[in-house]
Amino acid sequence: MATLPQAPSSLTPQELQHDAQERRRIVDKILADGPMRLATELDRLRGLGVIDADGNLIPKTIPADMMPGAERDFGG
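Each value, and the rule that gives it
Residues numbered from 1 in each chain as written. Predicted model: local features only at pLDDT ≥ 70, side-chain atom pairs only at ≥ 80, totals over all residues. Heavy atoms only, no water. Helix = DSSP H or I, 4+ residues; strand = E, 2+ residues; numbered from the N terminus. Buried < 20%, exposed > 50% of the residue type's maximum accessible area, 1.4 Å probe, protein only. Areas by Shrake-Rupley, 256 points an atom, 1.4 Å probe, with all protein chains shown as cover. Salt bridge = Lys/Arg side-chain N within 4 Å of Asp/Glu carboxyl O. Expected span 1.5 Å × (residues − 1). Contact = heavy atoms within 4.5 Å. Polar contact = N/O pair within 3.5 Å; in protein donor to acceptor, adjacent residues only side chain to side chain. Patch = residues over 30% accessible without salt bridge, like charges linked within 9 Å, V, L, I, M, F, W, Y side chains within 5 Å.

Trainee: Sorry if this is basic, but what is going on with the overall build of the protein here?
Mentor: A count of helical and extended segments in the protein gives one helix and zero strands. Buried residues in the protein amount to 4% of all 76 residues. A total of about 6,900 Å² of accessible surface is found on the protein, and carbon and sulfur atoms cover 61% of it.

Rendered as structure tokens:
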């Protein structure tokens, strides 16, 4: 995750205040964009078959009877 750069210690009080306001503006924008970015990422993961509609991981394990060498009875 990106981090904000540290303010130089040689700034005047007015520059420090402006810097703090600018940092707050950037953080507010990141927080405002968060829900949209989360929804986009969840849609991507659903499309890839990683999670289901409820956000649960879709298991990728093979049932025991389908494993190579497993004894199977197909009833035929």
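From this point, the discussion proceeds with the structure in view.
Trainee: Which parts of the structure should I look at to understand the pattern of salt bridges?
Mentor: Close approach of charged atoms allows side chains of opposite charge to pair. For the coordinates displayed, the defined rule picks out six salt bridges. A salt bridge links aspartate 19 to arginine 23, with the shortest nitrogen-to-oxygen separation between them at 2.7 Å. Within this pair, aspartate 19 and its partner arginine 23 are both found in helix 1 (residues 13–47), separated by four residues, close to a single helical turn. Measuring nitrogen to oxygen at the nearest pair gives 3.0 Å for the salt bridge that ties lysine 29 to aspartate 33.

Trainee: Looking at this model, I keep getting lost on helix 1. Mind explaining?
Mentor: What sets the pattern is the α-helix's 3.6 residues per turn: residues three or four places apart point alike. Spanning 35 residues, helix 1 covers 50 Å between terminal C-alpha atoms, matching the ideal 51 Å at 1.5 Å per step. Remark: glycine 49 follows helix 1 within two positions and exhibits a positive phi of approximately 80°.

Trainee: Quick question: what am I supposed to make of the environment of aspartate 52 here?
Mentor: Along the chain, aspartate 52 falls in the segment after helix 1. Considering only alpha carbons, one finds aspartate 52 and leucine 42, 10 residues apart in sequence, at a separation of 9.6 Å. What aspartate 52 contacts, discounting residues up to four positions off in sequence, is Arg46 and Ile58. For aspartate 52, the side chain forms a polar contact with the main-chain nitrogen of asparagine 56, separated by 2.8 Å.

Trainee: Can you walk me through a nonpolar patch on the surface in this structure?
Mentor: Among the surface-exposed residues, Leu48, Val50 and Leu57 lie close enough to one another that they form a single nonpolar patch of about 300 Å² accessible area. Relative to the helices and strands, leucine 57 resides in the segment after helix 1.

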